[in-house]
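So the chains spell out like this:
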Amino acid sequence: MGQQPKSDFPGGSRGRVTRAGAAVRGGTATAEDLSTIEIWRAAHRHVLNTFQGILRNRTRGTEVVVAQRHKRRNTIFDKLNRFPGMELARMDDVAGCRLIFPSTAELYEFRGHIHKANFNHTLKNQLDKYDYLKAPKATGYRGVHDVYAYDAHSEHGRPYKGLLIELQYRTFYQHAWATAVEVVGLITRSQPKFQQGDHRYEHALSLASEIIARTCEASFSSHPTLTSEQLVEQFVEIDGEIGMMAMLRALNSADSEVSEKKNVILIFGGESLETRTFRDATDALRELFRLEKEHPGQDIVLVRADSAEEVRIAFRNYFTDAGEFVRLIDEGCQQLVPGKTRVRNRRRRA
């Protein structure tokens, strides 16, 4: 067989996709550029379906939660602006599968099995490169990521060869923390996930990560040198300034009906959550792109999971549900400093 024609690559070619991304970054994107990006982005659905099938087969009968998601268009554009040297065609988390485990030991055991799996898809990173359990981020983020390049020898799979997908591994405790970070980003003007806005939220959440790591997983996060007393005192003090825990306690989880259909579009409108469900993935993707064009400022995401409960667990941030995080912090503070009054329901100060 001859060399794969460039036209087989979604969007035309890697170079064409990268140029379209550069145009978005420079504010000169044309309708053709945006169309190129959408074709390329949509192609990742095939890669997602392939990997989620592999992962579900290997987690069947376990307590591991598996979900998949397409990176939102606005999030892609924001990332291009935050990383000026990034080429769009090399962005490795446009497609993502999230796996949530009961324990760190189970996480690493499963990851080891995946690394030894007999498939053609290529692991692109060194084992420890994205291991944020061994080296937590300064923000307190803990988890492990792997990036794979899709490979296939069939005629049907050939156009997707080389597209990247990120596998994201977390425990339920790490996921509770990450959910709180997302929720704070949704309901305040700060983005602690990206170290933007009021940095007190970022600092409070990094301390919270340390509390959860010590009390739930006998580990450490981004403040390993603090004593238990210092850790709790600093958290209570900064929370007294920003009222983060009171804000999270006051949230009401969205009362939205997620059906047993496999594909769910979540539309967060600030005060409410709207869901749209689809049996067919193609119909769901078409509706996602339509909604994004009509409502460019809204937070809209397409997710896939096997059940309504799995959608809620894996994407709790869209249901503004940080209840598990609040419980873990309350119990963690008491465990680290017995007799200490729990983090108070203080009102946010002016």
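The following paragraphs examine the structure supplied in this document. (Residues numbered from 1 in each chain as written. Predicted model: local features only at pLDDT ≥ 70, side-chain atom pairs only at ≥ 80, totals over all residues. Heavy atoms only, no water.)

Next up on the list: the packing of aromatic side chains. Applying the stated rule across the entire model yields seven aromatic pairs. Here Phe51 and Tyr148 contribute two aromatic rings whose centre-to-centre distance is 5.7 Å and whose plane-to-plane angle is 50 degrees, an arrangement assigned as tilted. Of this pair, Phe51 sits in helix α2 (residues 31–59) while Tyr148 sits in strand β4 (residues 144–149), placing them 97 residues apart in sequence. A relative accessible area of 2% places Tyr148 in the buried class. Between the NZ or CZ atom of Lys137 and the centre of the ring of Tyr132, over which it lies, the distance is 4.7 Å. (Phe/Tyr/Trp six-rings, centres within 6.5 Å; stacked < 30°, edge-to-face > 60°. Helix = DSSP H or I, 4+ residues; strand = E, 2+ residues; numbered from the N terminus. Buried < 20%, exposed > 50% of the residue type's maximum accessible area, 1.4 Å probe, protein only. Lys NZ or Arg CZ within 6 Å of the ring centre and 35° of its normal.)

Let's shift gears to the environment of Gly21. Secondary-structure assignment places Gly21 in helix α1 (residues 14–26). C-alpha of Gly21 to C-alpha of Glu87: the two residues are 66 residues apart in sequence and 7.1 Å apart in space. In this structure Gly21 touches Ile37, Leu80 and Leu88, once residues within four positions along its chain are discounted. (Contact = heavy atoms within 4.5 Å.)

For helix α7 (residues 228–242), with 15 residues, the first-to-last C-alpha span of 21 Å sits near the 21 Å given by 1.5 Å per residue. Turning to α7, its buried residues number three or more, namely Leu231, Val232, Phe235, Val236, Ile238, Asp239, Gly240 and Ile242. Each element contacted by the buried residues of α7 is listed here: α6 (199–217), α8 (244–250) and α11 (323–336). Just past α7, the residue Gly243 takes up positive phi, approximately 65 degrees. (Expected span 1.5 Å × (residues − 1).)

In this section: the pattern of salt bridges. One pass over the full model with this rule turns up 22 salt bridges. Measuring nitrogen to oxygen at the nearest pair gives 3.1 Å for the salt bridge that ties Arg90 to Glu87. Assessed through its relative accessible area of 63%, Arg90 is described here as exposed. Overall, Glu87 belongs to the partly exposed group, its relative accessible area being 36%. Among the ionic pairs, Glu287 bridges to Arg276, the shortest N-O distance being 2.7 Å. Taken as a pair, Glu287 in helix α9 (residues 281–294) and Arg276 in strand β7 (residues 273–278) lie far apart in primary sequence, 11 residues in all. Residue class for Glu287 comes out buried when judged on its relative accessible area of 14%. Given a relative accessible area of 27%, Arg276 falls into the partly exposed group. Taken together, the shared-partner salt bridges in this structure form one network comprising Arg276, Glu287, Arg290 and Glu294. (Salt bridge = Lys/Arg side-chain N within 4 Å of Asp/Glu carboxyl O.)

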